[in-house]
Amino acid sequence: MDSLDVKVIRKTLEAEGITSFELARADGAPLPAFSAGSHVDVQIPGGLTRQYSLCNDATEQHRYRIAVLRDPASRGGSVAMHDAVNEGDVIRISAPKNHFPLQHAPRTLLLAGGIGVTPLLCMAQRLAAINADFTLHYCTRSAERTAFRKEIGSSAFADKVSFHFDAGPAEQKLDLPAALAGAAPDHQLYVCGPAGFIDHVVGAAKASGWRSEQIHLEYFGAAPQDTAGDTGFEVKIASTGQSYTVGPEHNIIQVLKDHGIEILTSCEQGVCGTCITRVLEGEPDHRDMYFTDEEKAKNDQFTPCCSRAKSKTLVLDL
Ligand code: FES
């Protein structure tokens with residue numbers, strides 16, 4: 001099933017600027033099953049599609065729950081969700097997809113930055129249900145901006161969660177080296193939050209001896225792009241031999257679309273992987289957050305919705 005229509009059965013203000021939406025089938029039938037770390041693509045009024053992690057218990061099939069941070073600086077998706085989607089509305093979503101799956105490990109460390117708690121909350125529920133050894137560190141600006149604080153505080157796994165507020169006293173702030181200390185090769189680390197938070201955690205984890213394979217990350221939004229040095233390049237379509245110029249201010253998807261070549265997109269931010277296209281020649285300038293560093297280094301595929309070219313020409317398998 002590619003997409004389904006779901007009804008907003010509850011809309012709740014969870015914290016300052018954060019609203020959750022509970023979604024169910026209008027006919028009450030069960031929803032497709034999902035696993036911890038999954039997200040759905042949500043078609044938002046106004047035409048944007050955005051990915052939101054499912055943050056309810058993954059054994060539930062009567063509802064999905066997503067949480068949306070109102071971000072006026074974004075392209076409008078989150079504001080439209082807050083202002084234009086209400087209880088009783090029917091919205092279209094994709095079936096759940098999981099690019100952030102939980103692996104079995106003797107010990108799991110979950111590090112959440114702000115709204116990045118959503119997939120990790122689902123993981124914490126799952127790990128608690130199977131009696132696994134885990135810790136969740138949840139960092140936010142303040143208690144008022146901490147979604148699901150009460151719910152976590154009264155959960156069966158409350159003793160495995162530490163809250164850290166930027167605005168709070170020094171002694172409750174996250175001591176990252178201490179949290180990351182003592183990693184064994186089979187421990188797993190999951191981190192989700194803004195790009196700065198993830199980069200900080202990943203850097204500290206590597207410095208503490210965590211290997212890349214043990215570190216799993218998911219960004220909840222696109223990283224700001226530095227477009228100042230962008231130059232033009234050619235994109236060649238392998239099947240036809242036709243070349244098209246992508247100017248410094250243009251984007252590959254748009255240029256190809258103008259010439260009748262459609263590439264399916266969803267997030268248009270390098271987050272979801274929908275637009276992945278094989279590269280036969282040339283070196284992409286990867287700007288996505290979907291591929292790992294190892295995958296990017298192969299230069300055999302890229303995300304044309306946000307990526308560009310380092311070489312003069314890119315030959316695409318289209
Ligand atoms: Fe989502 Fe390109 S459309 S990564």
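Trainee: Sorry if this is basic, but what is going on with the environment of Ser 78 here?
Mentor: Tracing the backbone through its elements, the reader meets Ser 78 in helix H1 (residues 77-84). For the pair Ser 78 and Ala 183, spaced 105 residues apart in the sequence, the C-alpha separation amounts to 37 Å.

Trainee: I tried to follow the pairing of strand S4 (residues 49-53) on my own but got confused; where do I start?
Mentor: Successive side chains on a regular strand alternate, one facing one side of the sheet and the next facing the other. Counting buried residues in S4 gives five out of five residues, a clear majority hidden from the surface. Taking every second residue as pointing to the same face, both faces of S4 are buried, with Thr 49, Gln 51 and Ser 53 on one and Arg 50 and Tyr 52 on the other. Note that strand S3 (residues 39-43) and S4 share five bridges and pair antiparallel. Residue His 39 lies in a different strand from S4, and its bridge partner there is Ser 53.

Trainee: Got a minute to help me understand the sheet that holds strand S10 (residues 188-193) in this structure?
Mentor: Note on sheets: strands pair through backbone hydrogen bonds, and any given pair is parallel or antiparallel. Read across the sheet, five strands follow the order S9-S8-S7-S10-S11 without closing on themselves; strand pairing throughout is parallel. Lying at the two open borders of the sheet, with one neighbouring strand each, are strand S9 (161-165) and strand S11 (215-219). Pairwise comparison of adjacent strand axes, ignoring direction, gives a mean angle of 15 degrees for this sheet. Alignment of strand S8 (residues 134-140) against S9, held across five bridges, turns out to be parallel. Within S9, the position partnered with Thr 140 by the bridge is Phe 165. Here helix H2 (residues 117-129) sits on the sheet and contacts strand S7 (108-113), S8, S10 and S11; the angle it forms with S7, its principal contact strand, is near 155 degrees. Against the sheet, helix H5 (residues 195-207) touches S7, S8, S10 and S11, its axis set at about 160 degrees to S10.

Trainee: Where do I start with the environment of Val 279 in this structure?
Mentor: Looking at the element boundaries, Val 279 is found in strand S14 (residues 277-281). A relative accessible area of 7% means that Val 279 is categorised as buried. Taking the C-alpha atoms as reference, Val 279 lies 4.7 Å from Leu 316; in sequence the two are 37 residues apart. Leaving out residues up to four positions away in the same chain, Val 279 has contacts with Pro 284, Asn 299, Asp 300, Gln 301, Phe 302, Leu 314, Val 315 and Leu 316.

Trainee: Teacher, can you tell me more about unusual backbone geometry here?
Mentor: The phi angle at Phe 148 is positive, at roughly 65 degrees, despite the residue not being glycine. Tracing the sequence through the fold places Phe 148 in the loop between S8 and helix H3 (149-153). The backbone of Asn 299 sits at a positive phi, close to 55 degrees, despite the residue not being glycine. You can see Asn 299 is positioned in the loop between helix H7 (293-298) and strand S16 (301-302).

Trainee: Quick question: what am I supposed to make of the nonpolar core here?
Mentor: Looking at soluble globular proteins, one finds that nonpolar side chains tend to be buried together. Counting residues in each nonpolar core, the largest one holds 48 residues, and the members touching the most others are Leu 23, Val 42, Ile 66, Met 81, Ile 93, Leu 110 and Leu 120. When residues in this core are grouped by element, the largest group, seven residues, is from H2. In contact with Ile 93, not counting residues within four places along its chain, are Asp 2, Ser 3, Leu 4, Val 6, Leu 23, Val 40, Asp 41, Val 42 and Tyr 64. By size, the runner-up hydrophobic cluster in this structure holds 21 residues, among which are Leu 176, Val 191, Cys 267 and Cys 272.

Trainee: What's the story with the pairing of S7 in this structure? I'm lost.
Mentor: With six of its six residues buried, S7 lies for the most part within the structure. The alternating pattern of S7 places Thr 108, Leu 110 and Ala 112 and Leu 109, Leu 111 and Gly 113 on opposite faces, both of which are buried. Relative to S10, S7 runs parallel, the two sharing five bridges. Residue pairing across strands places Leu 111 opposite Val 191, the latter belonging to S10. Where S7 meets S8, six bridges bridge the pair, whose relative direction is parallel. Paired with Thr 108 across the two strands is Phe 134, which belongs to S8. The handedness of the S7 to S8 crossover, carried by H2, is right-handed.

Trainee: What should I look at first to understand the environment of Ala 181 in this one?
Mentor: Topologically, Ala 181 is positioned in the loop between helix H4 (176-180) and S10. Assessed through its relative accessible area of 52%, Ala 181 is described here as exposed. Sequence spacing of Ala 181 and Gly 209 is 28 residues, and the spatial spacing of their C-alpha atoms is 8.6 Å.

Reading guide: rules and limits
- Residues numbered from 1 in each chain as written.
- Predicted model: local features only at pLDDT ≥ 70, side-chain atom pairs only at ≥ 80, totals over all residues.
- Heavy atoms only, no water.
- Helix = DSSP H or I, 4+ residues; strand = E, 2+ residues; numbered from the N terminus.
- Buried < 20%, exposed > 50% of the residue type's maximum accessible area, 1.4 Å probe, protein only.
- Pairing = 2+ DSSP bridges.
- Axes fitted to C-alpha atoms, helices over the stretch in contact; angles between N-to-C directions.
- Contact = heavy atoms within 4.5 Å.
- Core = buried A, V, L, I, M, F, W, Y, C linked by side-chain atoms within 4.5 Å.
- Right-handed = clockwise from strand over helix to strand, strands pointing away.

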